[in-house]
Every structure is written in C-alpha cells, then in structure tokens.
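What follows is each chain in one-letter form.
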Amino acid sequence: MSPAPSFPIKVGHIDDVQELGKTKPSYIPERFVRNMTERPTLSTTPPSCDLKIPVIDLSKLFNENNNSSQDFLSELSNLTLACQEWGFFQVINHGVEVSLLESMERMAMEFFMMPLEEKQKYPMAPGTVQGYGQAFVFSEEQKLDWCNMFALGLEPQYSRNPKLWPTKPAAFSETVEAYSREIRKLCKKLLKYIATSLGLGGDVFEEMFGVAVQAVRMNYYPPCPRPDLVLGLSPHSDGSAITVLQQGKCSNSVGLQILKDNAWIPVQPIPNALVINIGDTIEVLTNGRYKSVEHRAVTDKEKDRLSIVTFYAPSYEIEVGPMPELVDESNNPSKYRRYNHGDYSRHYVTNKLQGKKTLEFAKINN
Ligand code: OGA
Ligand code: NI
C-alpha cells in the first residue's frame, strides 16, 4: 500500500499575507510580484452571457426512477456538454443544506480571523499539504500566492493528522465532519451521473475507487493593495477525480477564473450553488474525453474572499489509466499510461502549481 503523500522539503520563512496586509504595506514584497506574463489583466467589464460556465440543476438528475423523463435526459445532456466543453460547472439544488454550507463558511472564516499564534499551532510542515500555511512552495525563488490555506485530510482515516485539527473555533471539527459527509455523498452522486453521461454503468467509479480519498482546503484571500501584480492562487489543474468548491458569501468578490480558449473566464458566484470541476484523474480515466481545466484565483483591492474546496479521488492503492471502454486502438488510442494513484498524488504535492504540467507524468507522447 502506498503511504499518504508527505515529503519533508525545507523552505525558508514564508510571509503570512494576512499579517502583511495589516501593516498596510506601501509596496508588494518581491516574492509576490509576478513576472509580466503571469500578471492578471483585471477587466472591469462583466463577461458576456455566452461566457458563463454552465449551471446544472441536480434535482432533475436525482429522481432515480424517472431516468427516461425529458427533464432527466436534457439535464444529462447539459452535464455531458459541461464536462466536455468546460470541465467546470455550478450545481444548484444539490441537496446539501444551506445551513450546513453557512456553518462551514462561518467556521472557516472564524478560523482565519484568529490571531496568528493560534493558527500557527497547526502549521503546514514544509513540503506537506495539511495544516495552516502555503502549500506547493519548494524554493526561495518561487513566487508566492496571495493566499492563506488551511487543509485537512479526511478519508481514509489514516490520512488524518489529529494534531492539525483545531480546538478553536469550538464547533470546528464537528462542522467539518458533517460537511464532509454531505459533500462525500454529493461526490458519489456526481460521479454516478458523470459515468452515465459517458455511457458507462453508474457504479463504475464507485466500484473502481475503493475507499475514496477526500481532503478539504480552505483558502483565504485577504484584500491586496495591488491585485494587478499578484495571484491569489497560481494556475493549476486539480489532481483529484472531481473537486467541489464553495465560494464564500461573506465577501461576494469574484476571484476564481478558468482558462477557456486562451482567455481567463471568471466564475460568477451563484448564492448557495457549488462549483464542480473535473480533475486530472477523470481526464486520464476518460482518455481525455473530459479534461481537467486550468484555473487560478485573483485578488481584490478592497474585498477579501474565502473558498472551501473538497478534493475527491480514488484510493491511493488503485491503478489509474484510460478505461478500456473509452479507448479505441485505431481511432482513439491511449493518451495516458497506467500508474498507481498514490504515486500521482505524491508527484502532485511535491511539485509547484504550474498549469497542467503535473499531468505530463501520465501522458504518452506519440
Ligand atoms: C483550489 C482552487 C480556487 C479558489 O483550491 O484548488 O482552485 O477559488 N481554488 O479558491
Ligand atoms: Ni484548484
């Protein structure tokens, strides 16, 4: 069995952007200032309607006994299109109680608002991805993201590090547990519809994944005096099978952007909706039919922003590769090799975020 990914790699001291912001700096420290090519162009005009990521009404898919109804079939075709053309969509009527989304947001916000000394009781060790800090930093030269992260492994049980579970806010752990259980159910349902949309049996992913890996990461983006110079989160695709992202309501700032046809498209928050995206693992399993999509976060001059992100992936032991049903040796040969998912996870967390570069691990270069 492959161990949970964790590699101790030493890095220097990283500034805490929240603390930095409090000092009202007159300039942005060099480590956060992006090279010209990476700087975001911040447009003030809203994107036109046809550049909005799709919205899927899950209540139309939930009704199991009615999966030949017009509503079901048309929503399934919307889902197919969303996965194939966008790799990103928002879900409404997803079945997760609004009160639970709100409690989770409140807990995460309360956590980030605690004094630094309190948060530092749960430090993200250099080169690891759990705890409070900045993940994916491996060298002194690397540019830093304008973001604080707090991440926890949830499943399987052995991926948990009890020392990193905060005792404050008091209801934090309990809320994370309840939230994770509900989001896990949602992920299983989504994978079922994704399988159906590919013409596969609804249970293929559930059966293949074993005890699925689940982790949660809360990202807090403080306001930045020069949003034109920095990135909240570097461009990347997720290593997961699918990702569920909750955008905080508290601030209402648009920060998530996805790369589509060479343009960065903002993901406009819809109240109580969840953002779903295809991760690298589904790209490999579907032999590229459904692709993971590069995305990033930008910051705002006045508003802070919070996101709560769940990564859902197969068990570390399983072997991943294009599913035979989706490969055709003459017309659509395998684009990816077979590999152990734990090896991919380790590869993912030990490299800096750099677009879709991590997936080169799996690509077959014909
Ligand atoms: C992530 C991610 C975007 C956001 O955590 O992987 O893409 O809006 N976050 O915080
Ligand atoms: Ni992401």
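Worth saying up front: this structure is predicted, and the values here are computed from it rather than measured.

The rules behind these values
- Per chain, the residues get numbers from 1 upward, laid out in the order the sequence is written.
- Working convention: letters from A go to chains and numbers from 1 go to ligands, in the order in which they are written.
- It should be noted that, the model being predicted, local features are given only for residues of pLDDT at least 70 and side-chain atom pairs only at 80 or more, the latter also being counted only at that level, while totals for whole chains, interfaces and linings use all residues.
- Hydrogens and water molecules were not included; the side-chain quantities draw on all heavy atoms of the structure.
- A residue's pLDDT is the predictor's confidence in that residue, given on a scale from 0 to 100.
- The criterion used for residue contact is that any of the two residues' heavy atoms lie within 4.5 Å.
- By the criteria applied, helices consist of DSSP H or I runs no shorter than four residues and strands consist of E runs no shorter than two, each listed in order from the N terminus.
- Exposure is judged per residue with a 1.4 Å probe applied to protein chains only, and the accessible area is read against the type maximum: over 50% gives exposed, under 20% gives buried, and values in between give partly exposed.
- When DSSP locates at least two bridges between a pair of strands, those strands are taken to pair.
- The angle between two axes is taken between their N-to-C directions and runs from 0 to 180 degrees, where each axis is a line fitted to C-alpha atoms and a helix contributes only its stretch in contact.
- Within 3.5 Å is the distance limit for a polar contact, defined as a pair of N or O atoms, with the added protein rule that one can donate a hydrogen and the other accept it, and that residues adjacent in sequence qualify only through two side-chain atoms.
- In this description, a donor is an N, O or S atom within 2.8 Å of the metal centre, a cutoff extended to 3.2 Å for sodium, potassium and calcium. Water is not part of the atom list, which can make sites seem incomplete.

A. Geometry of the confidence of the model for the chain. Confidence along the chain averages 91 in pLDDT terms, with 93% of residues attaining 70 or more. Within the model, pLDDT remains below 50 along residues 1-13, and this stretch shows 31 contacts once partners closer than five positions in the same chain are excluded.

B. Highlighting unusual backbone geometry. A cis amide bond links glutamate 155 with the next residue in sequence, proline 156, at an omega value of -5 degrees. Along the chain, proline 156 falls in the loop between strand S4 (148-155) and helix H6 (172-197). A cis amide bond links lysine 168 to the next residue, proline 169, at an omega of -10 degrees. Within the secondary structure, proline 169 sits in the loop between S4 and H6. Positive phi, normally seen in glycine, also occurs at aspartate 261, with a value near 45 degrees. Among the secondary structure elements, aspartate 261 is positioned in the loop between strand S8 (256-260) and strand S9 (263-266). Judged by its relative accessible area of 70%, aspartate 261 is exposed. Positioned with a positive phi, asparagine 287 is a non-glycine residue whose angle comes to about 55 degrees. Considering the arrangement of structural elements, one finds asparagine 287 in the loop between helix H8 (280-285) and strand S11 (295-297). The exposure class of asparagine 287 is buried, given its relative accessible area of 1%.

C. Looking closely at the sheet that holds S8. As summarised here, the arrangement of the four strands in space is S6-S11-S8-S9, forming an open sheet in which the pairing is antiparallel. Strand pairing shows two members of the sheet lacking a second neighbour, strand S6 (233-236) and S9, which therefore form its edges. Each neighbouring strand pair of the sheet contributes to a mean axis angle of 25 degrees, computed without reference to strand direction. As paired strands, S8 and S11 are joined by three bridges and run antiparallel to one another. Residue pairing for S11: isoleucine 258 is matched across the bridge by histidine 295.

D. Broad picture of helix H9 (residues 341-349). In terms of burial, H9 is a largely internal element, seven of the nine residues being buried. Among the residues making up H9, those that are buried are His341, Gly342, Tyr344, Ser345, Arg346, Tyr348 and Val349. Turning to H9, the residues buried within the fold contact S6, H8, strand S12 (305-313), strand S13 (319-320) and strand S14 (339-340). Between the side-chain oxygen at the start of H9 and the backbone nitrogen of glycine 342 there is a gap of 2.9 Å, and the oxygen is on asparagine 340.

E. View of the coordination of the nickel ion (ligand 2). Only His236 (NE2), Asp238 (OD) and His295 (NE2) from the protein coordinate the nickel ion (ligand 2), and they sit 2.1 to 2.2 Å from it. Along the chain, the residues donating to the nickel ion (ligand 2) are arranged with the sequence spacing H-x1-D-x56-H. Of the two residues, histidine 236 sits in strand S6 while histidine 295 sits in strand S11, which places them 59 residues apart along the sequence. Since its relative accessible area comes to 3%, histidine 236 is described here as buried.

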